[in-house]
Amino acid sequence: MTTIHARVERRLAPRHTAYVVLGGVVGALAAPVVWALASLATGLLVVVVGVVFVGLLLLVSEGLSRWHRARALALLGVVVDAPAAPVEPGWRGWVARLGRATTWRQLAYHAVVGPTLLAASAAVVAFCWGGGLVLVTSPLWSRISPEVLALSGGLLQGIGRIWVSTAVGFGLLVLAPRVARWLAALDLAILRPMLGETRGEQLSPRVTALEQTRAGVIDAADAERRRIERDLHDGAQQRLTSLALNLGMARSALPTDAPPETRRAIEEAHDEAKQALAELRGFVRGLHPAVLDERGLDAALSGIVARAPVPTSLHVLLARRPPRTLEAVAYFVVSEALTNVAKHSRATRAAVRVTSDADRLVVEVSDDGQGGATTGAGSGLTGLTNRVASVDGTLTVTSPVGGPTVLRAEMPCGS
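In this convention, every chain numbers its residues from 1, walking through the sequence in written order. Where totals are concerned, whole chains, interfaces and linings use all residues; where local detail is concerned, this predicted model gives features only for residues with pLDDT of at least 70, and gives and counts side-chain atom pairs only at 80 or more. The basis for every side-chain value is the complete set of heavy atoms in the structure, and neither hydrogens nor water enter the calculation.

Before going further, it helps to examine the pairing of strand β3 (residues 360-367). Strands were regarded as paired on the criterion that DSSP finds at least two bridges between them. Secondary structure follows DSSP: runs of H or I at least 4 residues long count as helices, runs of E at least 2 residues long count as strands, and numbering of each begins at the N terminus. In the sheet, strand β2 (residues 350-356) pairs with β3 via seven bridges, with the strands oriented antiparallel. Across the sheet, residue Val-352 finds its bridge partner in β3, namely Val-365. Linking β2 to β3, which pair antiparallel, is a turn of three residues. The sheet contact formed by β3 and strand β5 (residues 405-412) spans eight bridges and is antiparallel. Paired with Asp-367 across the bridge in β5 is Thr-405.

Now the structure itself:
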């Protein structure tokens, strides 16, 4: 492995050297141009001609960025992805470039890194290779051209000094490939984020796509719940209502001398049908109440509060009607929270408060019960937490032992 690594390093040494030297030369030459265009664009921006220099500055900056990315690909085989171009057409795209962080990072690279790091790196690598070659060949120059030694001011004169300089030259030549590799790696570490896309910029389109996909899944699930609610309401619930009515009529029409077994069977069937109908109505309302679509969140929550076993007050103040998905989540939060209050809190009263502004929808459910509620794993509030998180919301519960308990859900509703 060591031998293979050494061979690879020897093969890449000329590429590292060329990468550093070319970058330094172009960086040093391009920096004055960038500074000149920046000065003209800044000084003349108040007049129309300044806009021309701004455009030239952006063109030069993007051209240099493409060249440096191509240098990394051609000499080191490293792909540096170019930042995504603005989608705005024409002059709007150029204006959009001025507002992007990538544009200013590129300008900083060409105006600051070019004349400093790149030029200094090229000088160091050139010194290592050039100085090493001169020092290694000093014995040869002492025989062929003593005048060269005289020009060194006595530094290389003398047999002892010549051999010392030769040893130093060998050291520089051995060190040169490593120095070139180190400096190339340093330049790449700076070049990637300044001339390419940062990790956040690379992930941003993916995050946006995932958010859109998730929103589509949530909307589809909500639409499916509404469809199931309509099917149950118009189908099974209607048939069960008809069955309960028919059994009720049969129960009323029984003659007084009807066998006790028959009377008991019809009465039990009638009671079971009414109980099943009540349970189905509760299930349908839990899926997606029709009143939520027809009259909004306030009316739907009024129905929940009216049916709550614990006396509950309701306060709804909405700046505008929230999206349907958020309405469904808010309804679910209030419904489940009041169910938990009735089952576990031993409360004597509860309160529901729903408010919204331009950016968020806030749902608060409080009670004066015994407290001790948690949102950890295994808690009954886990489903609420996940439901609120599905729309980028947060659910917090403040419930000290002894009460009171306050459940607060915040959901973004900005357009």
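Our focus in this paragraph is the packing of aromatic side chains. Pairing of aromatic side chains requires ring centres within 6.5 Å, counting the rings of Phe and Tyr and the six-membered ring of Trp. Pairs whose planes differ by under 30 degrees are stacked, by over 60 edge-to-face, and all others tilted. Counting across every chain of the model gives zero aromatic pairs. The rule is short: NZ of Lys or CZ of Arg within 6 Å of the ring centre and within 35 degrees of the ring normal puts a charge over the ring. Over the ring of Tyr-19 we find Arg-71, and its NZ or CZ is 4.0 Å from the ring centre. One residue, Arg-387, lies across the ring of Phe-332, its end atom 4.4 Å from the ring centre.

Core analysis: the biggest nonpolar cluster contains 35 residues, and Leu-301, Val-333, Val-334, Leu-338, Val-354, Val-363 and Met-411 have the highest contact counts within it. Contacts between residues were defined by any pair of non-hydrogen atoms, one from each residue, lying within 4.5 Å. In contact with Val-354, not counting residues within four places along its chain, are Leu-297, Leu-301, His-315, Val-316, Leu-317, Leu-318, Leu-361, Val-362 and Val-363. In this structure, Val-20, Val-113, Leu-118 and Met-194 belong to the second largest nonpolar core, which totals 20 residues. Side-chain atoms within 4.5 Å are what join buried Ala, Val, Leu, Ile, Met, Phe, Trp, Tyr and Cys residues into a set we call a nonpolar core. Type-normalised accessible area, obtained with a 1.4 Å probe on protein chains alone, sets the label of each residue: buried when under 20%, exposed when over 50%, and partly exposed for intermediate values.

Turning our eyes to something else, we now look at the pairing of strand β1 (residues 312-317). Side chains on a regular strand alternate between the two faces of the sheet. Relative to β2, β1 runs parallel, the two sharing six bridges. When the sheet's bridge partners are listed, His-315 is paired in β2 with Arg-353. By convention, a crossover is right-handed whenever its connection, traced from the first strand over the helix to the second and viewed with the strands pointing away, goes clockwise. The parallel pair β1 and β2, bridged by helix α12 (residues 324-345), forms a crossover whose chirality is left-handed.

Next up on the list: the side chain of Asp-187. For Asp-187, the location among the structural elements is in helix α7 (residues 159-195). Assessed through its relative accessible area of 3%, Asp-187 is described here as buried. Of the polar contacts made by the side chain of Asp-187, one reaches the side chain of Tyr-109; its length is 2.7 Å. Two N or O atoms count as a polar contact when they lie within 3.5 Å, although within protein this holds only if one can serve as hydrogen donor and the other as acceptor, and sequence-adjacent residues are included solely when both atoms are side-chain atoms.

Another point: the packing of α12 against helix α13 (residues 382-389). Between α12 and α13, whose axes approach to 10 Å, the crossing angle comes to 170°. The angle between α12 and α13 places the two elements in the roughly antiparallel class. Handedness of the α12/α13 crossing: left-handed. Residues Ala-328, Val-329, Phe-332, Val-333, Glu-336 and Ala-337 of α12 form the contact with α13, whose own contacting residues are Gly-383, Leu-384, Arg-387 and Val-388. For helices, the fitted line uses only the C-alpha atoms of the stretch in contact; every axis is such a line through C-alpha atoms, and the angle between N-to-C directions lies from 0 to 180 degrees. Each angle is binned into one of four classes, with values under 35 degrees roughly parallel, values over 145 roughly antiparallel, values of 65 to 115 roughly perpendicular, and all other values oblique. Crossings are sorted by hand: turned counterclockwise from the far helix by less than a right angle, the near helix makes the crossing left-handed, and turned clockwise it makes it right-handed.

Patch rule: a residue counts if its relative accessible area is over 30% and it has no salt bridge; like charges are joined within 9 Å, and nonpolar side chains (Val, Leu, Ile, Met, Phe, Trp, Tyr) within 5 Å. Calculation of accessible area relied on Shrake-Rupley with a 1.4 Å probe; when residues are assessed, cover is drawn exclusively from the protein chains displayed. Should a side-chain nitrogen of Lys or Arg be within 4 Å of a carboxyl oxygen of Asp or Glu, the pair is scored as a salt bridge. Together, Val-52, Leu-56 and Leu-59 line one region of the surface with nonpolar side chains, adding up to about 260 Å² of accessible area. Considering the arrangement of structural elements, one finds Leu-59 in helix α2 (residues 48-76).

So, on to the sheet that holds β2. What the five strands build is an open sheet, ordered β1-β2-β3-β5-β4; its pairing is mixed. Two strands bound the open sheet, and with one partner strand each, they are β1 and β4 (394-398). Across the sheet, the axes of successive neighbouring strands diverge by a mean angle of 10°, strand direction being ignored. Relative to β5, β4 runs antiparallel, the two being bridged by five bridges. Across the sheet, Thr-394 pairs through a bridge with Glu-410, a residue of β5. Along the sheet, α12 contacts β1, β2, β3 and β5; its crossing angle with β3, the most-contacted strand, is approximately 10°.

This part takes up the environment of Gly-296. Mapped onto the elements, Gly-296 comes out in the loop between α10 (290-295) and α11 (297-307). With relative accessibility at 5%, the residue Gly-296 sits in the buried group. For the pair formed by Gly-296 and Arg-321, sequence separation is 25 residues and the distance between their alpha carbons is 7.5 Å. Setting aside residues no more than four positions away along its own chain, Gly-296 makes contact with Val-291, Arg-321 and Glu-327.

Bringing unusual backbone geometry into the picture now. A positive phi angle is found at Asp-392, which is not glycine, with a value near 65°. Note that Asp-392 resides in the loop between α13 and β4.

Known as pLDDT, the predictor's confidence for each residue is given on a scale from 0 to 100. For the protein, per-residue confidence averages 76 on the pLDDT scale, and residues scoring 70 or more make up 71% of the total. When the criterion is pLDDT under 50, residues 151-156 qualifies, and its contacts beyond four places in sequence or with other chains add up to nine contacts.

Moving on, we get to the pattern of salt bridges. Counted according to the given criterion, the structure contains seven salt bridges. With its nearest N and O atoms 2.7 Å apart, the salt bridge here joins Arg-321 to Glu-327. Judged by relative accessible area, Arg-321 falls into the partly exposed class, the value being 42%. Judged by its relative accessible area of 1%, Glu-327 falls in the buried class. Three or more residues joined by partner-sharing salt bridges are found here, namely Asp-357, Arg-360, Glu-364, Arg-408 and Glu-410.

Relative to the helices and strands, Leu-245 resides in helix α8 (residues 199-252). Judged by its relative accessible area of 54%, Leu-245 falls in the exposed class.

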